[in-house]
Amino acid sequence: MIIAYALYVRHLAGDSDKARAMFSYNPTSLAGHAVGALVVELVFARVSPASLRWNWGLAMAVLIVLRTGLAWHLARHEAETPEALEVQRRVWIAGTLASAALWGWAAWSFLPYGGALQQIALILVVYTFCVASIPILAPQFALYLAFNGLVYLPAIARVALQEGAAGLPTAFVMAVAVAMTLLLGRNYRDAFERVSRLRWQG
């Protein structure tokens with residue numbers, strides 16, 4: 001019974017570490033989303049339909065405002081029980097996955113417009129979020145996989161469907177790049193868990 005209780009306490013402590021690690025990146029993460037959205041809007045300003053830019057831009061702006069409000073709340077009202085922390089974590093995850101879906105929407109919808117410059121800029125913006133999410137999401141690896149899938153798979157699919165000889169080879173290179181990123185994320189997850197175990201064993 002004592003051993004089981006000790007394991008339960010350690011499990012809760014590990015979840016608490018992961019949640020608070022995610023929350024600590026809120027200012028940087030939200031600033032990145034805002035800058036990325038601005039880049040997309042500027043790069044595609046003259047080459048994509050105004051309705052697409054307005055709809056996507058408005059959806060992203062609303063989500064950033066809502067997530068900023070959540071970040072402000074989390075910074076000033078730290079959860080005092082595991083149950084309260086779990087509620088905060090679930091709401092935060094919902095906002096994160098919504099952001100990922102919006103970036104997937106951007107990749108799928110904007111890539112057919114513009115030339116190579118616009119397409120490369122969008123792919124770089126989207127891939128940057130895959131890399132930048134490693135320290136934020138990799139400790140919760142299922143969430144990390146879901147985020148990257150929502151963000152990057154639409155970009156790979158859209159590139160693969162493009163006309164011309166470069167579509168499929170480019171999509172393959174993108175797939176290899178994201179696969180390597182996922183391996184880095186898994187390694188980060190393993191390292192995080194080792195450090196967390198050492199902390200609570202000590």
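Cut-off values and rules
- Residues numbered from 1 in each chain as written.
- Predicted model: local features only at pLDDT ≥ 70, side-chain atom pairs only at ≥ 80, totals over all residues.
- Heavy atoms only, no water.
- Helix = DSSP H or I, 4+ residues; strand = E, 2+ residues; numbered from the N terminus.
- Buried < 20%, exposed > 50% of the residue type's maximum accessible area, 1.4 Å probe, protein only.
- Contact = heavy atoms within 4.5 Å.
- Areas by Shrake-Rupley, 256 points an atom, 1.4 Å probe, with all protein chains shown as cover.
- Core = buried A, V, L, I, M, F, W, Y, C linked by side-chain atoms within 4.5 Å.
- pLDDT = per-residue confidence, 0-100.

Enquirer: What is the right way to look at the overall build of the protein in this model?
Expert: Scanning the protein from terminus to terminus reveals eight helices and zero strands. Moving toward the C terminus, one meets the helices and strands of the protein in the order α-α-α-α-α-α-α-α. Counting only residues that meet the buried cut, the protein has 42% of its 202 residues in that class. Considering only contacts in the protein between residues 6 or more positions apart, those separated by 24 or more positions represent 75%. Of the accessible surface of the protein, which amounts to about 11300 Å², a share of 70% is contributed by carbon and sulfur atoms.

Enquirer: Got a minute to help me understand the nonpolar core in this structure?
Expert: The tendency in soluble globular proteins is for nonpolar side chains to be buried side by side. In terms of nonpolar packing, the biggest core is built from 45 residues, with W56, W92, W103, F110, L137 and Y152 touching the most fellow members. Elements that contribute at least two residues to this core include exactly helix 1 (2-24), helix 2 (26-43), helix 3 (50-76), helix 4 (82-110), helix 5 (116-132), helix 6 (134-137), helix 7 (141-161) and helix 8 (167-201). Apart from the residues lying within four places of it in its own chain, the contact partners of W92 are M22, F23, N26, R67, L70, L74, I136, L137 and L143.

Enquirer: Any chance you could explain the confidence of the model for the protein here in plain terms?
Expert: Regions with low pLDDT should not have their predicted coordinates read in detail. Of all residues in the protein, 87% have pLDDT values of 70 or greater, and the mean over the chain is 85. Confidence drops under pLDDT 50 across residues 1-14; counting only partners more than four residues distant or on other chains, this segment forms five contacts.

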